Amino acid sequence: MNFTLSGLKIILNKVFDIRSGETKRVLLLQINIFLLITVILILKPIVNALFLDRFGVERLPQVFVLVAVFAAILSAFYSKALLRLSLHKIIRNTNIIAFVSLLFFGLFLTFDWLNGWILYLFYICVALFAVLSASQFWILVNVVLNVREAKRLFGFIGAGAIGGGIFGGYLTSIAAPLIGSENLIFLCAAILLACIPITQTLWKKHVEPNQSSIRQTKRSKSNAEYPLQIIRRSKHLTLIAGILGISVVVSKLVDYQFSALASSTYTNPDELASFFGFWFSTMNILSLFIQLFLTKKVVGKYGVGFSLFVLPIGILMPALLLIFVPQLWVAVLMRINEGSLKQSVNKAGVELLALPIPLEVKNQTKTFIDVFVDSLATGIGGLILILFVSILEIPLKLISIVVLVLVGIWIYMALLVRKEYIKSFQLKVAKPKDKKTVENIDFSNNSVIGGLQKVLQSGREKDILYILKKLKETSISDFVESLKSLLKHSNPLIRAEALSCLYFYKDDEVFAMAKDLIQDPDDEVTVAAFEYLIEHSPNEMESLMNQFLEDEDYEVRGAALVSLAKEIRDNPKLKDQFNLKEKILSRINQLHDLSDPAHQLSDIMHLMQAIGYAGEKELYPLLEEYMNHKQESIAITAIQAAGYTLSKNLVAPLVYQLSEKNLQKHALKSLANYGPGLIDVLVEKIKKHNINDWRNISLVLASLHSQQSIDLLFELVKKGDIATRSLALKSLNNMKISAPHLNFYKSAIIDLILNEAKNYVDILTVLYIQNIKKNTLDNDEASIADARHSLIDLLERRLDGNLERIFYLLGLKYSPEDILSIYEGIQSKKPDLYINAIEFLDNILDPNLKKILMPLVETAILDNISKDTMDNLNIKVAEQLECFELILNGNDLRLKLAVLYLIRVLKSAKYNKLAKRFINDQNPKVKTFALEAVKLFEDEKGL
């Protein structure tokens, strides 16, 4: 058995590049998708045949609409489940429910119980399971494998899906006439049952031991909760979603004609299931053939524009023929063209079409487009068929006219999106008007691939870097020679990015160049070179890395360690094989023996990076220690490394670094790298700490763009101190601009505005009294005058802060851009700008808010608050004692301390009584100031 397993590992390594420590994971994933697709390809022919036999093709449009309706309902529940449950529990529950449902459907159909509505439900469940199970599986792959492993092993795992598609269909074709379609349902239930332990094993042995809950969340979930809004804001994405949607509508019409002609030819349901199974499998084989031998040539030679038209034209010709020759073989030809071209040439074209769209946006919208748009389009297809078939009763062959019209719209949209695609690149790499030395790339006269190659050869550095980042998301075979030349570029960032693009491309010349780049003066280039060498010498990896880990050059040794940690992070077997943890600890122990400061600095920084990538929790306290290092470069490296770990324990130290001006942007970037899982950790931490110690998390929350971020920011607004509230409101305004689709609780904002307005009036009252005291009590002692002056200065700043927060809150109710321009006009103190701003605000505000806020805003420009101003605002002027009491009962710590200090120097009996009420205050500073005021008064009195 061991010999067989060892031999299998050798074959997998040589043929499919499956490395040590990956075999079990990859085989389990491939078996899992093979079984899932086998089940789907057995169920689809069966449910189609049974449905058509029982109801006829006339009912097919109705079930298309029902699939769309149930998909929308399922989507709502599924989204909530994603927030509450981990991925493996959702997959397990999906499979268990599907298993029980298959037993249920098998029994009811075998004994012909309630055959009518059961078939409807069966059809809907199969359609939803097909979409849901495939989507869940590829998310699971994303969790089990890291990005580089997934990209390298995608072909091998995908072969399982192709194998399942071929096997399931042909099995149905052979078995349905022999044992009956109903009995095949029980076989599907048994196969599906085998998927449950596979998923559990993958999660328990290959995810939980190696990945933190935050890393699991980041790989399996998206920040975006409202992808529809993201799509609507992008014309390019809207057109892509439209093309995919119309292709699904056309597919349903084609499927209807195919099913109708097939059911009229095969009247026995088992024979019909056999027919469907055969052609579904044949479609998979043809799709595989086109993908392997034609797709690359078509897309590479003729570009994205041409590849977008292959599928609609492939449907157009047989659809036209079907009008004149309404026979099954024509419908088969149309269905085969649609099915095989959709998963090959068209899919490759659409993937390239999405190249200009930022990767994070694609990730946020992909599932929505794949599931929601597909389901909606299915429903639209059903409604079209109901209109033309059931209501207008047009003949089957004339459905092709509808298909031809939709294909015409499809081709028109493809032309539009091609223009948008070209425009996207032209905007990014357009020639600057003041630089005639750079060639302007005219994408409209070249294929896009040719245009991109010209950018790589003669473009500006920033344009080259942009294209290199995009090439990481697609195949680079057409750009290899250009990338090779960039390995000699003068800019180290370009050298590093070019080598990263070549990461999966095996080439002896590149391998030799990577060896030379090990000595590159830039650290990023050196690390990229090591990563390439590790990737393309798996069998010699240990000897190669040990050679560089013991190199005479300490920079080479350090870069080798970082690359090794990065490469084998998710592979426990290789981590043990290389003794990674021990190597890091050994080098840490040697730091104190280094006499050369440059050597010591280099080793510390490389060790921080290695710890960040290695995933060894025991070493994380070192990162926390070095975050506070007096040398800024070391502190920055430790902060960046902490962001790689995605460790819960490093969230608090990173948050505290946000208060350091020079380190803030680095800490912010590291925390943002945690992704959606960070919010749960922040909520947990805030409950255990003083909310005001965490005010700077507002900066992080604004970058996460989720409803949970907004909820937590509102928590900070309601419970935080002045600085916390201001930061949170500023972050909310930034989010309102960048993510307006989220819920900003406009009804709750009114109460917050009214509360800030009340605080504004209270502070205005205290300020008015203090100004009167300052102007009338000229014989005050110097200490009293200074204390009063400090209090007045603080009150004026608080008044400005109150006004700013009122406008931040208004920005959440109205347009933040408009409100910001009004606030700037009011603050400018220029009469014309001020008048225009006041007029603009007066026109925007609701009547109730206008009545309260306009008088307050008009005081902002006044240098002094007079008695007339107070009367106009209808503010009752209080005594100084009442003003002091108002401040001391509030939540502003600095104002409390300023008032207590003034009470201390006033040495008055009536104020002393007030101070006594705060000698047991929970805040130690308030308590100390109150005790000092009381003690000083009593000492004076005693004298």
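### Observations regarding the confidence of the model for the protein
Per-residue pLDDT for the protein has a mean of 86; in total, 94% of the residues score no lower than 70. The weakest mean pLDDT in the protein belongs to helix α1 (residues 2-16) at 63; the strongest belongs to helix α29 (residues 632-645) at 95. Between residues 432-440, whose pLDDT stays under 50, and residues either more than four places distant or in other chains, the model counts 9 contacts.

### A word on the packing of helix α27 (residues 597-614) against helix α28 (residues 620-627)
At their nearest, the axes of α27 and α28 sit 9 Å apart, and the two run at 135° to each other. If you check the angle between α27 and α28, you find them oblique. For the pair α27 and α28, the sense of crossing is left-handed. Within the contact between the two elements, α27 uses Ile604, Met608, Ile611 and Gly612 and α28 uses Tyr620, Leu622, Leu623 and Tyr626. Residues belonging to the contact of α27 with α28 are distributed by class as follows: 7 nonpolar, 1 polar and no charged.

### Notes on the side chain of Glu497
Relative to the assigned elements, Glu497 resides in helix α20 (residues 492-501). Residue contacts for Glu497: discarding those within four places in its chain leaves Leu465, Leu468, Lys469 and Lys472.

### Some details on the side chain of His88
With respect to the helices, strands and loops of the structure, His88 is situated in helix α4 (residues 87-110). Look at His88 and you get buried, because its relative accessible area is 5%. For His88, the contacting residues outside a window of four places in its chain are Gln200, Trp203 and Glu208.

### Observations concerning the packing of helix α11 (residues 269-293) against helix α13 (residues 328-342)
Between α11 and α13, whose axes approach to 8 Å, the crossing angle comes to 45°. Between α11 and α13, the crossing angle belongs to the class labelled oblique. Classified by chirality, the crossing of α13 by α11 is right-handed. Contacts between α11 and α13 involve Phe275, Trp279, Phe280, Met283, Leu286, Ser287 and Ile290 from the first element and Leu328, Val332, Arg335, Ile336, Gly339, Ser340 and Leu341 from the second. Here the contact of α11 with α13 is composed, by residue class, of 10 nonpolar, 3 polar and 1 charged.

### Considerations on unusual backbone geometry
In this model, Leu646 sits at a positive phi of 55°, which is unusual for a non-glycine residue. The topology assignment puts Leu646 in the loop between α29 and α30 (651-657). The backbone of Lys907 shows a phi angle near 55°, a positive value even though the residue is not glycine. With respect to the secondary-structure elements, Lys907 resides in the loop between α43 (893-906) and α44 (909-916). Relative accessible area serves as the criterion here: at 34%, Lys907 is assigned to the partly exposed category.

Each value, and the rule that gives it
Residues numbered from 1 in each chain as written. Predicted model: local features only at pLDDT ≥ 70, side-chain atom pairs only at ≥ 80, totals over all residues. Heavy atoms only, no water. pLDDT = per-residue confidence, 0-100. Helix = DSSP H or I, 4+ residues; strand = E, 2+ residues; numbered from the N terminus. Contact = heavy atoms within 4.5 Å. Axes fitted to C-alpha atoms, helices over the stretch in contact; angles between N-to-C directions. Parallel < 35°, antiparallel > 145°, perpendicular 65-115°, else oblique. Left-handed = near helix turned anticlockwise from the far one by under 90°. Nonpolar A, V, L, I, M, F, W, Y, C, P; charged D, E, K, R; others polar. Buried < 20%, exposed > 50% of the residue type's maximum accessible area, 1.4 Å probe, protein only.

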